[in-house]
Structure formats: structure tokens, C-alpha cells
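Geometric and topological summary
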Amino acid sequence: MYRRRESGTGRFNRHRQSTPTRFVEVESEVFNFIRRFYVYGNESGIYIDTRSAEGPATPPPIPEDILKVVSVDLQIPTNSKKHNTHKYDLCRAVANPKLVVRRGQPFTIQVEFTKEYDANTDDLRIAFEAGDTPLESKGTSVQFILSDEDRPKEWGAKIVSQQGNQLTIEVYTPPTCYIGKWNLKIDVVKKLDTNVNVYRYQHADPIYILFNPWCKDDLVYMKDTTLLKEYVMNDVGKIYSGTKNSITGKPWNFAQFETCILDVALYLLDVAKVGWSVRGNPVPIVRKLSAMVNSADDGGVLTGNWSGEYADGRSPLSWTGSAAILEEYWRTKRPVKYGQCWVFSGIATTICRALGIPARSVTNYSSAHDTDGSITIDVHFTADGESDENSNFDSIWNFHVWNEVWMSRPDLPSGYGGWQVIDATPQETSDDIYCCGPTSVMAIRQGEVNLPYDGPFVFSEVNADCFYWVPNELGQMEVSYMDKKSIGKNISTKAPNSDDREDLTMEYKPDEGTSAERAAVLRANQVGSSRKDLYKQRAKDIEFNIDQNEEANFVGGNFELSFRMRNRGTSKRSVSGRIDVRTMFYTGVVADLVKSETFKKKVIKPGEEISHKIVATQADYDTKLKDGCMLDVTVWAVVEETDQYFTKKDDFRLRKPHLAITAPTESKIGQEFSVEVSFVNPLNRELTGCFVAVDGLTHALNFPQGNVPANGTFLATLPVTPTKSGKTELIIVFNSNELEDINVAHHVTVKKA
């Protein structure tokens, strides 16, 4: 509207802070008017007087008859309750609370003046500014006059009531408003002859404006408000791990409302240089956040480490929630060490929920990692059945955790909104950055991988076909076995408002082997590297299966597995082969050999089934287990009469013990209570470097513990003092050098004191 005129004397370059009330006079020639700003505020404000190059001048007194703002009450308790932001620590702080609101929904403020407001003589204007250089042309500076009209879907304000010197004003923000911290300013405009004087009050604290999934005009709108209780408001939950046959829920404190978390979320947008022009659009925001949660490119929050060596940081398994990680990052502005996929996902859930974007952590079992964009997984073996690691670039993770975020996708064809995949774990680059998504889950189900973003990679994770290659008698590589059903199993998330697991597999693909599922695979391969020639298979009369009861296989006990072979043909067959058991990382990288057994010329009659059993004892695997206690089983077999080959890799897990817990189900804020936890050490050796982490009811705490004897009982009594109210979960995790992440979650209802 008006532009600021710079003087040749440099009169706008001095700061003046000599009095609690400060002024700025700015002259501007517009339409033959001289406009002067007088900026003032209370003692908590920080304002500038840019008067003279020679030194600060005495500001002119504000005329007594001018309406001046004495104070502004942002009515934080009332507004935050209506906007579902009342759980933010920023709003609940005893000293200097901040207002957090959601866009597209009005909020009220109460303004006290030095005298009664008179609509006939007093012109009031409200201004909001964001960013370092607010500009009306960029939408980061908005100004509007008070009116008597509602202003839905746009900036505006109206007077609700007047009592003496106080006005109650309702402020409107558009559902497309930029997300961030906005500075509130109130102008009293006075016109006299050719002069326009503007007396501006600047509020000391910013107003936080977030996405609003309760607003039907917001791109993140979610109609079912009961789901919002989980995907936006729930600050504790579960992240699933383990294997497809042995699923474990790890309790996690998302803590999106605590301490500095919202400030960190907005800070990440600044670090990522997210332009203000797109800060109202959740699509580019979540894509940037998937990059900023990891530190691979841009100094983001968390550094990944899959080596098993964490001496200069913390083991990924030792974290109990997001708060400790984000608080350390906020304090140091440096990446935190260390994380793996579930930690990256937990942080991403926290950041998205803090900003108002519905989000959940999702675990995919037997998750494929396609490195060449072929939308297939290729596993190579040598002629004697050894895994050819020099040729194996693709991999299959026991499990992998990513995120789903809820939003409309106006950039995609109709029908592809809703849940979108983002993945903050740095696996492969996208646009030369370690980021992934947002990818429409519905598009993945249909095999429409050409839609933005990263469709081929996500499709491969859940529905790639796996091809096993072995050399023939001439040394040429041939497909010995094609597995259409091993990738993307039991895709899991925490069920909304429940402790149960929800299976999402059918959201990502139709039933395995159905015509709809096969059509999606072929459609996806038309976009990736076509592998149609690989779908021609020779007839095979020996059926192979691997059986293992994971429920009976605990750390400390035996690991048992049976390899079954059934002859479905009409002639006898002779089968030879080998079974290898190795420890492994959950990413599919094999480590130490635990057991290897060969068998030769097992003769199988028509219709007969025989099996070969392999047993690994604690002595075989002790000291070799990696994070998660995962085992890789590789089976290789050949039928002598037909040259039928069978090669298969599968993953299994030795189950860890769980903590037994004795704790109250009700408590009060600030009231300490005791928690007793125990378990039996399943190993034939002492547990060292022991500590117990406590999270959920309070900030994360660590309690060092003494060593636990071999096969001995661990017992500890811990003091817990709740610092937040409501029904939540107490999360307790035992860690040691030899055995990590023995956990338990316990529901506690905390009442206000």
C-alpha cells in the first residue's frame, strides 16, 4: 500500500532502545499524503527508532486524544481449546505462554485501549507479518480493516463486543494460510488534511498458525474426527518391528506437543529453505521434511548408522521417543547420533503431527530395496549354492518403517488423495536428495508408478517379484525360481484409539496372485525396466517349503527349522542341497555364520514328503547376534533328474523376553510413584552396561543399573513423577551391551493436582 522512503542522510540506520516505549517515524509520499508511523508497545516489546544519523532523537509525544493500545489478550486458554492446540507446552507455559491456532478457523483477541473506541472517528487496521522480509506481494504481509462482516476463507477481523475501553475482536485466517510464526500488529490510522499518521502497536510474541485437519477447506482435512484423535492428537503409540511371522510393537513417545518440538518443526522449514509461497501446501512441505529428518544431505535431525558400532552416540534401539532427539538437535543445531528406520519414522510422525498434518508410522515386512529401478529384486547364487554377494545389490529388509500422511493431492488425477507415503530413512536419492514421497498409496495399489513422487521405489518395497539366479552348466545365469508372494507382508500400523495392530496390506495391493494384483505388477513394470521375459517358468514337480515356529524360539533357546520337500510328480526324484543360518542386520545384510548343513541325494518317491531339520543352539549364535536378534536362512537345492533348482532366502527372529511391570493405573501431576520391573536374563553370560529408560509421563529419564548375572533375574524399582495429565502410556525400556530394547508399555491416567 505505502512504500517506505529511504533518506540520503542514512536516517533509518540507527537503533534506539532508551525508553520502555519506543517509536518509529517513517515518511512516505503516496497520493500526495505524508504518512508517519509511530510504533510503540509495552516493556516486553523490542522496537526500533530509526531517526537520525547523528544520534537518537527525542520521539514526538503521541497526542493525548489518539487511541492507543494498552494491551492485547490473546485469550490463549479459550482459543487453544477450540483449535485443539491446548496440549502444546507453548500454550500451557506458566510464564509467557504463546498462542497456537489452526488456519481456516477464527480466533478471538481482546484489545484494551487508552480510551473507548469510536467507530466514527477511529480507524483500526490489523496486520500480520511472517518471515524476515514481509512483503504484501509475497503474501507474507497482510493488512485489513476491522469490519462487521464474517470473512470466511480469507484474512479479516470483526468486532464481537465492546465493554468500555476493551474490544473483543474475531480474527479470520484463510485455509490456505502459510504455516509458521506470524507477528501481530494493530494500527490506529489518523488522517488530518494531507497527513496520514499511523500509530502501530506491535505484539511482543508471535502467533503460531498451523495446518487444520478439522477444516474442510484445508488440504489436510480428515472428515472422521475420531481418527484425528489418533493421527494428530495422540502423543504416544507403537512402531512395529520384528519379522513377518513374529511382529512386535515397540512403544514410542511421539511427544509432538512437548517443549521445543513445534519450534523445531518450523525451524526445519527454514533450514530447508522452503519458500513462503509453498508453506501453505502440505505436498512440498512433507517432501522436504522427509529429507530434513535425516542428515544425509543437509544437516538434518538424525544420522543413520547400521554398523552396530555406536560408541560416539546412542544405539538406535535405546531411544524411547522423539523428544530427547529433537531437544538435543534444538540445543546443538547439529545432527543427533544415531537412528535407524523406526527412529526416522518416529521423528517424522512427531514433526508432521506437530504441524497439524495427520500422520502415522507404518511397518512393511519383507520390504524390498530395489537399487536399479527394475521393480524386481534379483538374488544371485554361485554354482555350489553360495550367495553371490558381489552380484547382489538389491536387498530385502526384515522390516522397514516409513510414514503415511493424510492430504488431498490436487497435483494428481482425481482419486489419488488420502494416505501418502513419505520415507525419511536415507536409502536412495530422489532429485539428488535423500528423500522419498509423498507417494499416493492408492496409486501404488493400482501400479500407477509414474505419478509423483518415487512410485517405482515404493511399489518395489511392497510388491516386487523376487528372482533367484544361478549359473547353468555353461556358466550363464538363469532364473531358478521366481517368488511372486514374498515381498510386502503384514504391512502394519497402530490401530486408531486402540492398542491393537491394524493390517494395511490390502491398501497397498490386492490379494497376492489375484488377477488384479498381477495386473498392477505388469502395469508397474511397463514404466520401469520391462522384465516380461522372466515370467516364463519351466514345470517343476518338487515342491519346497520352509517351516519354523517363531513363537517357540526365544533368545537363549534353540533355533529350529525344517526344510520340507514333496514330490508331486510320477517318478522318484533325488534332491541334494544345503541350509545356511547366519546372523543378520534387519536391513537384510548378512553377518556371521551360525550353522551350515548339507544333504545329498535324498530320494523322494511320488507323493512322498520328507524334511531336513536344522538346529542352532545358544552356543552357536551367542556373541554373534546383531541388533534385533535377526537370523538369515538361505536354502539351496537341486533335483538331480530334472536340474530343477530351488533357492530361497528367508528371515527369522529370536524373540526377546518382555519386562514384567507393577505400577499404578492412576496418578496425579507432580505426585511421585514407584514402578517395579523385572525379567530373567536368557543368556548364559552376564549383562553389562545396563540402564533403564523411562518415557511417556515425563521427559525421558535414564536410570543406570548394575550387571545382571547369567540366567539371573533383573529387578528394579524406579521413581516416576508425571508432568503431563490425561490418559497416556508409561514406556520403560531395558538396555545393555549384550541385549537391547526389552520393553513394556503401561497405561496410566494422570489427573491434575
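Computed from a prediction, not measured in an experiment: that's the story for all the values here.

1. Let's talk about the overall build of the chain
- Looking only at helices and strands, the chain features 12 helices and 40 strands.
- The 753 residues of the chain split such that 56% are buried.
- In the chain, 68% of the contacts between residues at least 6 apart in sequence involve partners at least 24 apart.
- Within the structure as shown, the chain displays about 31000 Å² of accessible surface, and the carbon and sulfur contribution to it stands at 48%.

2. Here we look at the pairing of strand β9 (residues 166-172)
- Of all 7 residues in β9, 6 are buried; the element is thus mostly enclosed.
- Here strand β5 (residues 107-113) runs beside β9; their pairing, made up of 6 bridges, is antiparallel. In the strand pairing of β9, Ile109 is matched with Ile169.
- Here 7 bridges tie strand β8 (residues 156-163) to β9, and the two strands are oriented antiparallel to one another. Bridge pairing in β9 places Gln162 opposite Leu167.
- If you look at the hairpin formed by β8 and β9, you'll find 2 residues sitting between the two strands, and Gly164 has a positive phi there, around 60°.

3. A short note on the sheet that holds strand β31 (residues 630-639)
- The 4 strands are arranged β29-β28-β31-β32 in an open sheet whose pairing can be described as antiparallel. Lying at the two open borders of the sheet, with one neighbouring strand each, are β29 (590-604) and β32 (644-653). For this sheet, the mean inter-axis angle between neighbouring strands, taken without regard to orientation, is 15°.
- When strand β28 (residues 573-584) meets β31, the two strands line up antiparallel, connected through 10 bridges. Across the sheet, residue Arg578 finds its bridge partner in β31, namely Trp636.

4. Side note on the sheet that holds strand β38 (residues 713-720)
- In space, the 3 strands of this open sheet follow the order β33-β35-β38, with antiparallel pairing throughout. Every interior strand has two partners, whereas the edge strands, β33 (660-662) and β38, have only one. Averaged over all adjacent pairs, the angle separating strand axes in this sheet is 20°, with direction ignored.
- When β33 meets strand β35 (residues 673-680), the two strands line up antiparallel, connected through 3 bridges. Its bridge partner being in β35, Thr662 is matched across the sheet by Glu676.

5. Brief notes about the nonpolar core
- Phe128, Trp342 and Tyr508 are the most contacted members of the largest nonpolar core, which totals 121 residues.
- For this core, the leading source of residues is helix α7 (residues 341-355), giving 10 residues.
- Not counting the four nearest positions on each side in its chain, Tyr508 is found in contact with Val362, Trp402, Glu404, Val421, Val441, Ile444, Arg445, Val462 and Ile491.
- Residues Val594, Ala637, Val708 and Ala716 belong to the second largest nonpolar core, which totals 53 residues.

Rules of the game
- Residues numbered from 1 in each chain as written.
- Predicted model: local features only at pLDDT ≥ 70, side-chain atom pairs only at ≥ 80, totals over all residues.
- Heavy atoms only, no water.
- Helix = DSSP H or I, 4+ residues; strand = E, 2+ residues; numbered from the N terminus.
- Buried < 20%, exposed > 50% of the residue type's maximum accessible area, 1.4 Å probe, protein only.
- Contact = heavy atoms within 4.5 Å.
- Areas by Shrake-Rupley, 256 points an atom, 1.4 Å probe, with all protein chains shown as cover.
- Pairing = 2+ DSSP bridges.
- Axes fitted to C-alpha atoms, helices over the stretch in contact; angles between N-to-C directions.
- Core = buried A, V, L, I, M, F, W, Y, C linked by side-chain atoms within 4.5 Å.

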